[in-house]
Amino acid sequence: GLSVSSMASYRRDLKALAGYLETQRSQLDDVRQDQLFDYLAMRVQQGYAAKSNARLLSSLRAYYGLKQRNGEISEDPTRLLEMPKLPRSVPKALSESQIEAILRCDGMEEAEQIRLRSMLELMYACGLRVSELVELPTSAVNLRQGLLRVMGKGAKERLVPMGEEAQHWLERYIATVRTPCLGKKQETALFITKKGAPWTRQGLWTALKQRAVLAGLDSDKVSPHVLRHSFATHLLNHGADLRALQMLLGHSSMSTTQIYTLIAKEGLKRMHKQHHPRG
């Protein structure tokens, strides 16, 4: 049930460990616990972030857990390794006016404008991950009901309403851009380039950065995931229920969704300080 990007990350982690073990005259399947401790300690010394090391440990646990279940190794060498403590950082979100500036700015040919506008409108209106957006098939769109069927992490499916504005731009994109670009070609991906190929995560990332510059924003503070954070933050600011937000975001755990309440609390503090006579 892992996404393609998650599997690629796991593969990179295992290749990196295999390369290290070669210098120790060892291999992945006969690694010892002390070697894994040494490898993680080396990464800490090299300045790898705790989040990066946590993902590495997830990769190793998945790999050696499978090996043990298949009877290929007698015991899991990761069983005594503890996850590094991750700082609880507040998700970065844009203001509603900044989102409007990104969505409404122009500076490209009409077809490119319509395509990118529909992608960003949909991402912001539905809180989609970038991988969910670029992998969205045409069969997942129900324009009559205004719903998207999104396949999230762990192959978990959820239904998300797209809203009138996003639906308007999506209908316009399909009629005036996608259909002419495809011609007689067959392609299941909803969003395609002018050559008829599916969009990539990197392509959307680059286009959004360029769009942020056109809107007069700091491109370093704008990314596809920031749009998802903004979606969640703005819903909470307007009184959305936390459980409903969890369903819309496709979070398996409520604790993941609750991180957005920290942003709301910070907003309340700023408002109190600005407007209360004892602030």
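Residues numbered from 1 in each chain as written. Predicted model: local features only at pLDDT ≥ 70, side-chain atom pairs only at ≥ 80, totals over all residues. Heavy atoms only, no water.

A few words now on the sheet that holds strand β3 (residues 157-161). Here three strands make up an open sheet; going across it, the order is β1-β2-β3 and the pairing antiparallel. Only two strands of the sheet have a single neighbouring strand rather than two, namely β1 (141-142) and β3. Pairing of β1 with strand β2 (residues 147-151) involves two bridges; the strand directions are antiparallel. Paired with Val 141 across the strands is Leu 148, a residue of β2. (Pairing = 2+ DSSP bridges. Helix = DSSP H or I, 4+ residues; strand = E, 2+ residues; numbered from the N terminus.)

Moving on: helix α10 (residues 242-249). Residue pairs spaced three or four apart in an α-helix point in one direction, given the helix's 3.6 residues per turn. Those residues of α10 that sit buried are Leu 242, Leu 245, Gln 246 and Leu 249. Summarising the axial view, the buried residues of α10 lie within an arc of 105 degrees, below the 170-degree limit, and thus occupy one face. Of the residues flanking the start of α10, the one acting as N-cap is Asp 241, its side-chain oxygen 3.0 Å from the backbone nitrogen of Arg 243. Backbone geometry just downstream of α10 places Gly 250 in the positive-phi region, at approximately 80 degrees. (Buried < 20%, exposed > 50% of the residue type's maximum accessible area, 1.4 Å probe, protein only. Arc of directions from axis to C-beta. Polar contact = N/O pair within 3.5 Å; in protein donor to acceptor, adjacent residues only side chain to side chain.)

Of all hydrophobic cores here, the largest spans 50 residues; its most connected members are Leu 122, Leu 148 and Leu 204. Sorting the residues of this core by element identifies α4 (96-104), α5 (110-126), α6 (130-134), β2, α7 (164-182), α8 (201-214), α9 (224-237) and α10 as the ones contributing at least two each. Among the elements that make up this core, the one with the highest residue count is α5 (eight residues). Leu 148 has contacts with Leu 122, Cys 126, Leu 128, Leu 136, Ala 140, Val 141, Arg 158, Leu 159, Val 160 and Met 162, leaving out every residue within four places of it along the chain. The next biggest cluster of nonpolar side chains, apart from the first, holds 16 residues, and it includes Tyr 20, Leu 28, Leu 60 and Tyr 64. (Core = buried A, V, L, I, M, F, W, Y, C linked by side-chain atoms within 4.5 Å. Contact = heavy atoms within 4.5 Å.)

With 13 residues, helix α2 (residues 33-45) ought to run about 18 Å at 1.5 Å a step, and its terminal C-alpha atoms sit 19 Å apart, in line with that. For α2, the full list of buried residues reads Gln 33, Gln 35, Leu 36, Tyr 39, Leu 40 and Arg 43. Down the axis of α2, the buried set is contained in an arc of 160 degrees. They therefore lie on one face. Exposed residues lying more than 90 degrees from the buried face of α2 are Val 44 and Gln 45. (Expected span 1.5 Å × (residues − 1).)

Purely geometric numbers; function is a separate question.
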